[in-house]
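# Results of the structural survey
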Amino acid sequence: MDKLILTAAICGAEVTKEQNPAVPYTIDEIVREAKSAYDAGAAVIHVHVREDDGTPTQSKARFKEALDAIYKVIPDVIIIPSTGGAVGMTAEERLQPTELMPEMATLDCGTCNFGDDVFENTIPMMRAFGKRMIENKIKPEYECFEMGHLDTILRLAQRGEVPGDPMQFNFVLGVFGCTPATADNLAWLVNNIPAGSTWTATGIGRHEFPLAAVAIGMGGHVRVGFEDNLYLSKGVLAKSNGELVAKAARIAHELGREIANPAEARQILSLAP
Ligand code: KMH
Ligand code: ZN
């Protein structure tokens, strides 16, 4: 079994300081949260950015500021900027961080309900995102919120419209309106990815750690963080992303799975060293 890659989704676009005061908005706060996650064992940081008042933005300038500031403090970390942004943003708006030539970026694999909203990812949009990532040599992390998203992205990959093998999937399970976070659903998805692919599991809300435990046992990788869950345990708010990463690392330790450092994670993900 490969070593375990822990990803921290430190910020997201939806969660607020009203829900948990440690949710980062400013660049300093984003760096603080990235560092806490890294120190606890995260090799990968999934980044969204906000204006100082918490408004989600996909501004290229704001992403540049955040990425530069994170790399200054933790130069070897792998950063996966979001191209999902927030519900309601246009494709052009969402694509801005790809202009910074990151080594990876998310690519969302289909339209779905997202709580009361609709997260729009039409097939033409995915083609445009895939084309940009092929041109800019960015490895996508394919985010699947629904079972059908997997088939959609595999068809686009077969046609060469999005980057192909080796593919990295992130199965985000438990969003209200999408596929539930069950071991059965995760196993179905994992059983239907191409040989040689890598995958990460993300459980939303109270499903974060139960799904992490399943993924760790199955040999997959794990994402935790404020984007997905604000609580360390029932009724106890996490004080930092680092606390959430540390809990996932403890579970891995108990299950006998070693944690990958960023160099090892780059190797597992077939990224340039
Ligand atoms: N904020 C969600 C609507 C991504 O980062 O690519 C979408 C999202 C996905 O977070
Ligand atoms: Zn995201």
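Quick look at the structure, then.

Procedures and definitions
Counting from 1, residues in each chain are numbered in the order their sequence is written. Numbering of ligands from 1 and lettering of chains from A proceed in the order in which they are written. Where totals are concerned, whole chains, interfaces and linings use all residues; where local detail is concerned, this predicted model gives features only for residues with pLDDT of at least 70, and gives and counts side-chain atom pairs only at 80 or more. As a rule here, side-chain values cover all heavy atoms of the structure and leave hydrogens and water aside. Salt bridges, as used here, are contacts in which a Lys or Arg side-chain nitrogen is within 4 Å of a carboxyl oxygen on Asp or Glu. A run of H or I in DSSP counts as a helix once it spans at least four residues, and a run of E counts as a strand once it spans at least two, with each numbered from the N terminus. Burial classification: accessible surface area is computed with a 1.4 Å probe over protein chains only, and a residue below 20% of its type maximum counts as buried, one above 50% as exposed, and the rest as partly exposed.

## Topic: the pattern of salt bridges
- This model, assessed by the stated rule, comprises 17 salt bridges.
- K3 serves as the salt-bridge partner of E258, at 3.7 Å between the closest nitrogen and oxygen. Here E258 is found in the loop between helix 8 (241-254) and helix 9 (262-268), whereas its partner K3 is found in the segment before strand 1 (6-9), with 255 residues between them in sequence.
- Relative accessible area serves as the criterion here: at 54%, E258 is assigned to the exposed category.
- For K3, a relative accessible area of 27% corresponds to the partly exposed category.
- In this structure, the salt-bridge partner of R266 is E103, at a minimum N-O distance of 2.9 Å. You can see R266 sitting in helix 9 and its partner E103 sitting in the loop between helix 3 (91-95) and strand 6 (104-108), a full 163 residues away along the chain.
- Overall, R266 belongs to the buried group, its relative accessible area being 12%.
- What makes E103 partly exposed here is its relative accessible area of 23%.
- Overlapping salt bridges bring together E143, R223, E227 and D228 as one network.

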